[in-house]
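Commentary on secondary and tertiary structure
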Amino acid sequence: MSVTGPAGFRAAGVAAGIKAAGARDLALVVNDGPQQSAAGVFTTNKVKAAPVLWSQQVLQERTLRAIVLNSGCANACTGPGGFQDTHATAEKVADVLGVGAIEVAVCSTGLIGERLPMDALLPGVDAAAKALDTGEQPGLDAATAVLTTDSKAKQAHRAHSGGWSIGGFAKGAGMLAPNMATMLSVITTDVAISGADLDQALRAATRVTFDRLDVDGGTSTNDTVLVMASGASGVEASPEEFTALLTEVCQDLVRQLQDDAEGATKTIDVIVRGAASEADAVTIGRIVAEDNLVGTAMFGSDPNWGRIAMALGRADAEIDVDRVAIATNGVTLYADGATARDRSEADLSGRHIEIVIDLHLGSHAATILTTDLSHDYVEENSAYSS
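The structure presented is a predicted model; accordingly, all values stated were derived computationally and were not measured.

Parameters and conventions
Residues numbered from 1 in each chain as written. Predicted model: local features only at pLDDT ≥ 70, side-chain atom pairs only at ≥ 80, totals over all residues. Heavy atoms only, no water. Buried < 20%, exposed > 50% of the residue type's maximum accessible area, 1.4 Å probe, protein only. Helix = DSSP H or I, 4+ residues; strand = E, 2+ residues; numbered from the N terminus. Arc of directions from axis to C-beta. Contact = heavy atoms within 4.5 Å. Salt bridge = Lys/Arg side-chain N within 4 Å of Asp/Glu carboxyl O. Domains from an automatic or database assignment. Buried area = accessible area lost by both parts, 1.4 Å probe.

Let's shift gears to helix α9 (residues 305-312). Buried within α9 we find Trp-305, Ile-308, Ala-311 and Leu-312. Viewed end-on, α9 has its buried residues packed into an arc of 120°, placing them on one side of the element. Lining the buried residues of α9 we find α7 (278-290), α8 (292-299), β11 (325-328), β12 (331-335), β13 (338-339) and β14 (352-358).

Following this line, the structure appears as structure tokens:
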């Protein structure tokens, strides 16, 4: 179960003809209430796609009845016409559901710079609306319809013992470097919660989950994470309990995104400890995660701690080189300003790698999730538009 796990939600995913190959490419998620609380976080890239601009506007009311998503076209950098296409999409969904366009968020993903094929998209909305009541695996169909270079759908669901739950799906395999999130994600819950409280919980959860995934340094133009609450369980959870479970669902989705990143042969956790501030820990972790030389070393299973030291030394953060310790997969290779053990003692041959950087300057920590830089990543991204 994913977005249809919590009570009060329906979903569908159909092939509208946006993708030439005929795969599912349009998803619809509907909140049947009785509440329609909603919140969202979006890309911080200054180049924002039309659906991001639209959804940011409608989320000011913190209310949503539906979310429509398409893959195969990002509708980014498409000017006023692209925004009109997004508006027309929301109006079409509103018409078939009998709601207002201001209650419909729109998400798009795919190639930047091309207009949406509205002659395919609008009939696709009709098809998705009909499929809301007929799909055997509606959550999976919706999660599949948003995929681009992903190899598989990514879903998560958690049930609370108090009688409410949270579910969601996400897509994303490339252009993964968040200043919010770096993909499309829809999360649902049947807990009774206000839009303001939902917004606060979402921001707290994404700060330590989606914001900590950094595969390639590219912040997408279309990044969006949306959460809708139906209140169908009739349960009012405490803010602490709700935020904790929401964070758990987000973390599950983020781990799936990390594992399915383009060309990844290794999943890497860059753990920074002993920092003077959390901001310093995040900054150092991110700069190591984004470094191409570190990424290629990890691809080759090479415990070359010198590349890690070089990368962290470039960070705009407080560092004392004589106090830093660097370990890979449990073996401390560098400490107190010099080599600690021979690098051959660290085994990086497995799928997962942990890089632990201890600054010994304070009590703050952060973990950045990333992957290696492989031949397949280069090949896939060199031919994306063709």
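This is not the end of the story, as more comes after the structure.
So, about the pattern of salt bridges. All told, the structure shown has 19 salt bridges when counted by the stated rule. With a shortest N-O distance of 3.6 Å, Asp-141 and Arg-24 are connected by a salt bridge. Here the residue Asp-141 occupies a position in helix α4 (residues 138-145), and Arg-24 occupies one in the loop between β1 (9-14) and β2 (26-31), the gap between them amounting to 117 residues. The class for Asp-141 is buried, based on a relative accessible area of 14%. Take Arg-24: its relative accessible area is 35%, and that puts it in the partly exposed class. The shortest N-O distance in the salt bridge between Glu-345 and Arg-341 comes to 2.7 Å.

Our next topic: the domain arrangement of the protein. Here the protein is partitioned into domain 1 (9-259) and domain 2 (267-381). A separation of 33 Å is found between the C-alpha centroids of domain 1 and domain 2. The interface is formed by 16 residues belonging to domain 1 together with 18 residues belonging to domain 2. Counting each side, the surface lost to burial between domain 1 and domain 2 is near 1400 Å², with a carbon and sulfur contribution of 39%. For the domain 1 face of the interface with domain 2, the top three residues by lost area are Arg-212, Asp-214 and Gln-258, together amounting to 48%.

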